[in-house]
Amino acid sequence: AGRLDAKVGAVYTVDQGTGGPVLEFAGGFAFSPGTDPSGSFELGEGLVGQAALDRRLHVLRDVPSDYLRIVSGTGETRVRNIVVVPLLVEERVVGVLELGSLLPFDNVQQRFLAQGAAILAGAVESARGREALAAALQQSQQLSEELQVQHEELRATNEELEIHAQALRDSEERLRAQQEELQVSNEELAEKSKLLVRRNDDLERATGMLEERAQELAAASRYKSQFLANMSHELRTPLNSLLLLAQSLAENPQGNLADEQVEAVRVIYDSGRDLLNLINDILDLAKIEAGRTELHPGLVTVDDLADRLRMSFRPEADRKGLGFRVEVAEGAPASLVTDGKRLEQVLRNLVSNAIKFTEAGEVEVVFRRDLGAVDASDAASSPSDCLEIAVRDTGIGIVPEHHEIIFEAFHQADGGITRRYGGTGLGLAISRELARLLGGEIRLRSEPGVGSTFTLVVPLAPTVAVPGQEGVGIADLQGNRLEQAASRVATGVIPDDRESIRADDRLLLVVEDDVRFAELLVRKCSEKGFKCLAATTGEEGLELARKHLPSAVLLDIPLPGIDGWAVLAALKEDMRTRHIPVHTISAEDAGVEARRRAAIGHTTKPVDLAKMEELFGRLQDIAERDVRSVLVIEDRTVDRRAIVELIAEKDISVHEADK
Ligand code: ADP
C-alpha cells in the first residue's frame, strides 16, 4: 500500500469451507471494518469473488463514493480508484488483494501489483503450509500423547493380565494338585465301593439266611402251638369224662361204695383236676407266647372285683387261720377298661400264691391309683392312668436272687419247698405275660421270712393294640388235628334213640367226637326225658339235624372233618334248621364267639355235674317253651305279610308292627 500510495487495502484468503471455497477477510490496511465491506465472499460474489473466479486483475476508476472510505483522526475521505488482484500459485487462487487509492493506478503500478501478487501468493501459501504443518504437528503431538496414555493403559492392563495369568497359573497348579488328590480319593472310593459291594453281598446272604431261619422259627413255633393244641385236646378229652364219672361216683348215689373207695375216687378226681389245670396252664402259656390270646376289653368295676376276690379266697384263708383283707383305697379309680377275666386270672394267681406260701399272719389286697408310671419311656401312660393292685403277705418270702427266675415257666424258688406247697411253676409266667398283654406289669418286693408283695399295675384304658385278634386261633389249629386222632373217635358209634323217635318226642341232637362223653350226654338225656340223637362228626350231625329237626343241638367245637363252627353256620343258613337252638361245648372259653355266631350259650369243658345240671335245665326250659313269639317290624305291608307268611309255623306266634 505504501509503494502504490494506496490509502486503504484488504487481503482475503481462500478457505476450503464445507459448501466450497470461500474468501475470508484475513487483514486490512487503514481498513475500518465497521463501515467497509469485510467478512467473506463466495467465488464470483462481489468484486473480490469475481477476481478470484476469473483469476484476473480488476481496476476500477471513479467508484461510487460510498464504496471504500479513508478514515483518519481528523475526518474521512472516499477512495475513487480500486484495484483487486487475485493471488495465484500455479493458477490456483489462494487469496485476493484489494487496494483503494485517491489517484488512479497507472500501468507501472499495475504491473508491479501483478508481479508482487505472485510473491504474496507464495508467502500466503507457505504461511498456510506452515500453519498446516503446525496443526499437523500439534495433532501428532496430541496423538503421541494419546498413544502415550494408551501405552500406559496397555502397560497397566498388561500388568493386570500378568497378575491374572499368575493367578491362573497358581490355580492351575492348585487344580492339578486337587486333581491328583481326587485321583487318589477316587481310587480309594473305588476300593471302598468294591468292599461295600462285597459287604452288601455278605449282608444279603446273611439276611437271606436270617429270613430262612425266621421262617423255620415261625414254622417251628406254629408246629409247637399246633402240637400243644393237639396234645392238650387229646389229654383233656379223656379227662373230661374221667372227672365227670369220678365226681358222680364220689357222690355214691347208690350208697354201695365204702368210705375208702369214695376217698380213692376223690383222689382220682382231685388229681385229674390238677392235671387238667396243668394242661390248661400249658396251653394258656403257649397261646400267649404264640400271640394268639384274644383280649375282650370291657368295663371292670373295681368294687365288684374286690368283692369277688373277698368271696372266693375268704374260706381258704379262714381254713389256714390267716387274716384276709381286700381294701379299695381312697382315690382309687372306680372302674377301668380292660379284659376283666384276664385281670382276675392274674389276681387270683397272686392271691392264691400269697395264701399258699403264708403259714401265719395275713394276706392283704389293696387297690389304689398307681403312683409311678408303668414304663417311664411309655409317655402314653402317665401315673394317674393306672390302677395298682398290691397283694401283700407275711409268708415265707423270696430271696433276691430268685426274684426274676420265679417268673419263668416251670421255675420255683425251691424244689423242696414247692413239693411241700405243690404247684407247677407256671402261674407267675402266665401272670406276667397276661399283665404285659393288658399293657401293665407285675412288680415284686420280698424278703425271706418277712413276706412278699406282688403288685400288678394295669392301665385304666387299653394302651396296646389287642394282639392275636385276626390270627389263626387255637380253635382253628384244633381243626387241623392229627389224622389219627380224628380216626380214633370218628369210628365210634354211640347207641342212641334214632330207631324209636315219635312225632311228639322232645328230641336233642348231640354232636360230640369224644365217644365216652357223648355216651354220658345220651344217658343224661334219657334221665331228663329227652330222646337223643348222637353224631361223632359234623357231617353226620348236620344230616341228622336236617332229617329230624331236633328241639335243640348240643355241639362240640373241635370235630374231625368240618368243625362245630361250620356246623353252626350251616344250621343257621338253612331255613328249616335256623330256628333250632344250638348250645356249644369246647375246652376253650369261646362264649363270646359262640354268641356272635348265634348260639344260645356255651359250656367250657370239663363239664362237672353242676354244669351238666345247669345245661340240661336250660335245654328243658327251651324245649318246654312250646310257642315262641316273633315281632315283625316293617312299614311296607306287602313285605311284612311276606315275612309273616315265611316264618309262620304252628309253634311260632307272630306279632306285627308297621312303625
Ligand atoms: P407255683 O405257685 O405253681 O409253684 P408260680 O409261678 O405261681 O408257680 O410261682 C413260682 C414260684 O414263685 C413258687 O413256686 C414260689 O417259689 C414263688 N412264689 C410265688 N409267690 C410267692 C409268695 N407269695 N411267697 C413266696 N414265694 C412265692
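The following refers to the structure shown. (Residues numbered from 1 in each chain as written. Predicted model: local features only at pLDDT ≥ 70, side-chain atom pairs only at ≥ 80, totals over all residues. Heavy atoms only, no water.)

1. Some remarks on the side chain of D284
Its place among the elements puts D284 in helix α3 (residues 259-289). Given the relative accessible area of 15%, D284 is considered buried. At 2.8 Å, the side chain of D284 and the side chain of Q345 are in polar contact. Contact partners of D284, with chain neighbours within four places excluded, come to R342, Q345 and I430. (Helix = DSSP H or I, 4+ residues; strand = E, 2+ residues; numbered from the N terminus. Buried < 20%, exposed > 50% of the residue type's maximum accessible area, 1.4 Å probe, protein only. Polar contact = N/O pair within 3.5 Å; in protein donor to acceptor, adjacent residues only side chain to side chain. Contact = heavy atoms within 4.5 Å.)

2. Some points on the site of the ligand
Inspection of the region around the ligand gives 22 residues, with N353, D393, Q412, T424 and L428 positioned closest. One nitrogen or oxygen atom from the side chain of N353 is found 2.7 Å from an oxygen atom belonging to the ligand. Measuring from a nitrogen atom of the ligand, one finds a side-chain N or O atom of S452 at 3.5 Å. About the coverage of the ligand: the protein hides 97% of its 530 Å² of free accessible area. Element by element, the count of residues in the shell around the ligand is highest for helix α5 (residues 340-356), at 4 residues. Residues belonging to the shell around the ligand are distributed by class as follows: 9 nonpolar, 11 polar and 2 charged. (Near = heavy atom within 4 Å. Areas by Shrake-Rupley, 256 points an atom, 1.4 Å probe, with all protein chains shown as cover. Nonpolar A, V, L, I, M, F, W, Y, C, P; charged D, E, K, R; others polar.)

3. Things to note about the pattern of salt bridges
Tallying each qualifying case throughout the model produces 40 salt bridges. Residue R176 pairs with E180 through a salt bridge whose shortest N-O separation is 2.9 Å. Of this pair, R176 and E180 both sit in helix α2 (residues 107-250), 4 residues apart, which is roughly one turn of the helix. R176 gets classed as partly exposed once you look at its relative accessible area, which sits at 43%. Across the pair R432 and E404 runs a salt bridge whose closest N-O atoms are separated by 3.5 Å. Here the residue R432 occupies a position in helix α7 (residues 427-437), and E404 occupies one in the loop between β13 (386-393) and α6 (415-421), the gap between them amounting to 28 residues. Judged by relative accessible area, R432 falls into the buried class, the value being 17%. Salt bridges here are not isolated pairs; linked through shared partners, they connect R325, E327, E362, E364 and R392. (Salt bridge = Lys/Arg side-chain N within 4 Å of Asp/Glu carboxyl O.)

4. Brief notes about the pairing of strand β17 (residues 531-535)
Burial analysis of β17 places 5 of its 5 residues in the buried class, the great majority of the element. Burial along β17 is two-sided: the residues K531, L533 and A535 and C532 and A534 are all buried. When strand β16 (residues 507-511) meets β17, the two strands line up parallel, connected through 5 bridges. Paired with L508 across the bridge in β17 is C532. The handedness of the β16 to β17 crossover, carried by helix α10 (residues 515-527), is right-handed. (Pairing = 2+ DSSP bridges. Right-handed = clockwise from strand over helix to strand, strands pointing away.)

5. A look at empty space enclosed by the protein
By the definition in use, this model includes 4 cavities of 30 Å³ or more. Its volume calculated, the second largest cavity comes out at about 60 Å³. Forming the walls of the second largest cavity are H233, R236, T237, N240, D556, P558, S586, A587 and K605. Among the elements that take part in the lining of the second largest cavity, α2 stands out by supplying 4 residues, more than any other. The residue makeup of the lining of the second largest cavity, split by class, is 2 nonpolar, 4 polar and 3 charged. (1 Å grid on protein atoms, 1.4 Å probe; cavity = no way out; pocket = protein on both sides within 12 Å on 5 of 7 lines; lining within 4 Å. Points joined across faces, edges and corners; volume = space filled by probe spheres on them.)

6. Observations concerning the packing of aromatic side chains
Two aromatic rings, taken as a pair, are described by how far apart their centres are and by the angle between their planes. Taken as a whole and judged by the stated rule, the model has 4 aromatic pairs. Their ring planes at 70 degrees and their centres at 5.7 Å tell us that Y12 and F25 sit as a pair that is edge-to-face. With a gap of 13 residues between them, Y12 in strand β1 (residues 8-17) and F25 in strand β2 (residues 20-29) connect regions that are remote in the sequence. Counting every residue linked through ring pairs, the aromatic cluster contains Y12, F25 and F41. (Phe/Tyr/Trp six-rings, centres within 6.5 Å; stacked < 30°, edge-to-face > 60°.)

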